[in-house]
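# Observations on the three-dimensional arrangement
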Amino acid sequence: MCVFCKIINKEIPSYTLYENDYVFCFLDISQATKGHTLVVPKKHVQNIFELDEIEAAEIMKATVLVSNILKEKLHVENINLLNNSGVLAGQTVMHFHLHVLPRYGNDEIDFHQVEHEPNFEDLDKLYAILKA
Ligand code: AMP
Ligand code: ZN
């Protein structure tokens, strides 16, 4: 059984912020920033591709709820939502989870993207593939 399934089954303790029939929300053990929380479906699914509609909706509902807890209790006003699906994307626990990551002016997180000039030839080709 995976580590998050053990947490959901309460075989491993966690700092649970919220749970219902579908989702479980708990503090990330390694707080990237203060209040860093994970929202996970109770059903073991590996990644974004395995989520069904109901779980996806419940995850987003719980994410809004958790975000408002962080806002109310920690006065958080800035948040990143992050999911790593797949090893190349940085996934280490193979049970879907959404990181709710409060952001502060002095934190050390950097999601800065390299900016490119738009290449419309490539965009046209890509769009043709996606829409075919
Ligand atoms: P990811 O790299 O997206 O797969 O993230 C996995 C996250 O799970 C990391 O941020 C870990 O700190 C967190 N994590 C791993 N084990 C536990 C645990 N027992 N309780 C809470 N968070 C955990
Ligand atoms: Zn699991």
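Presented here is a report on the structure given in the accompanying data block. (Residues numbered from 1 in each chain as written. Chains lettered and ligands numbered in written order. Predicted model: local features only at pLDDT ≥ 70, side-chain atom pairs only at ≥ 80, totals over all residues. Heavy atoms only, no water.)

### Digging into the site of ligand 1
In the vicinity of ligand 1, 16 residues are found, and the nearest of them are D28, N84, T92, H97 and H99. Contacts to ligand 1 include H97, whose side-chain N or O atom sits 2.8 Å from an oxygen atom. The fraction of the free accessible surface of ligand 1 (500 Å²) that becomes covered by protein chains is 81%. If you list the elements that add at least two residues to the shell around ligand 1, you get α1 (3-8) and β2 (23-27). At three residues, the largest contribution of residues to the shell around ligand 1 is made by α1. By residue class, the composition of the shell around ligand 1 is eight nonpolar, seven polar and one charged. (Near = heavy atom within 4 Å. Polar contact = N/O pair within 3.5 Å; in protein donor to acceptor, adjacent residues only side chain to side chain. Areas by Shrake-Rupley, 256 points an atom, 1.4 Å probe, with all protein chains shown as cover. Helix = DSSP H or I, 4+ residues; strand = E, 2+ residues; numbered from the N terminus. Nonpolar A, V, L, I, M, F, W, Y, C, P; charged D, E, K, R; others polar.)

### Observations regarding the environment of F4
The topology assignment puts F4 in helix α1. Through-space distance from the C-alpha of F4 to that of S14 is 9.7 Å; in sequence the pair is 10 residues apart. Once residues lying within four places of it in the same chain are set aside, the contact partners of F4 are F26, L38, V40, V93, H95 and H97. (Contact = heavy atoms within 4.5 Å.)

### Some remarks on the side chain of D107
Relative to the helices and strands, D107 is located in the loop between β5 (98-102) and α3 (120-131). Side chain to side chain, D107 and R103 meet in a polar contact 2.8 Å long. Separated by 3.2 Å, the side chain of D107 and the backbone nitrogen of I109 make a polar contact. If near-sequence neighbours (up to four positions away) are discounted, D107 is found in contact with T33 and P102.

### Points about the coordination of the zinc ion (ligand 2)
Looking at the metal site, the zinc ion (ligand 2) is ligated by C2 (SG), C5 (SG), H44 (ND1) and H95 (ND1), spaced 2.0 to 2.3 Å from it. Geometry at the zinc ion (ligand 2) is tetrahedral, judged from the four donor atoms that bind it and their angles of 101 to 120° at the metal. Of note, the donors binding the zinc ion (ligand 2) are all from one chain and are spaced C-x2-C-x38-H-x50-H. Here H44 is found in the loop between β3 (37-41) and α2 (53-74), whereas its partner H95 is found in the loop between β4 (79-82) and β5, with 51 residues between them in sequence. Since its relative accessible area comes to 38%, H44 is described here as partly exposed. With a relative accessible area of 0%, H95 lands in the buried category. (Donors = N, O, S within 2.8 Å, 3.2 Å for Na, K, Ca; no water. Tetrahedral: all angles 85-135°; square planar, octahedral: opposite > 155°, others 65-115°. Buried < 20%, exposed > 50% of the residue type's maximum accessible area, 1.4 Å probe, protein only.)

### Some details on the environment of I79
With respect to the helices and strands, the residue I79 is situated in strand β4. Residue classification places I79 among the partly exposed residues on the basis of a relative accessible area of 31%. Linking I79 and I69, residues 10 residues apart in sequence, is a C-alpha distance of 12 Å. Excluding anything up to four places from it in sequence, I79 contacts S67, L70, V100, L101, P102 and R103.

### A look at the pairing of strand β1 (residues 16-19)
Within a regular strand, the side chains alternate between the two sheet faces. Relative to β2, β1 runs antiparallel, the two sharing three bridges. By the bridge assignment for β2, E19 is matched with F24. (Pairing = 2+ DSSP bridges.)

### What to know about the nonpolar core
Grouped together as the largest cluster of nonpolar side chains are 13 residues, with contacts concentrated most on V39, I59, V66 and F96. For this core, the secondary structure elements donating two or more residues are β2, α2 and β5. Element by element, the count of residues in this core is highest for α2, at four residues. Apart from residues no more than four positions distant in its own chain, V66 is found in contact with L17, C25, T37, V39 and V100. One finds C2, F4, C5 and F26 within the second-largest nonpolar core, a separate group that totals 10 residues. (Core = buried A, V, L, I, M, F, W, Y, C linked by side-chain atoms within 4.5 Å.)

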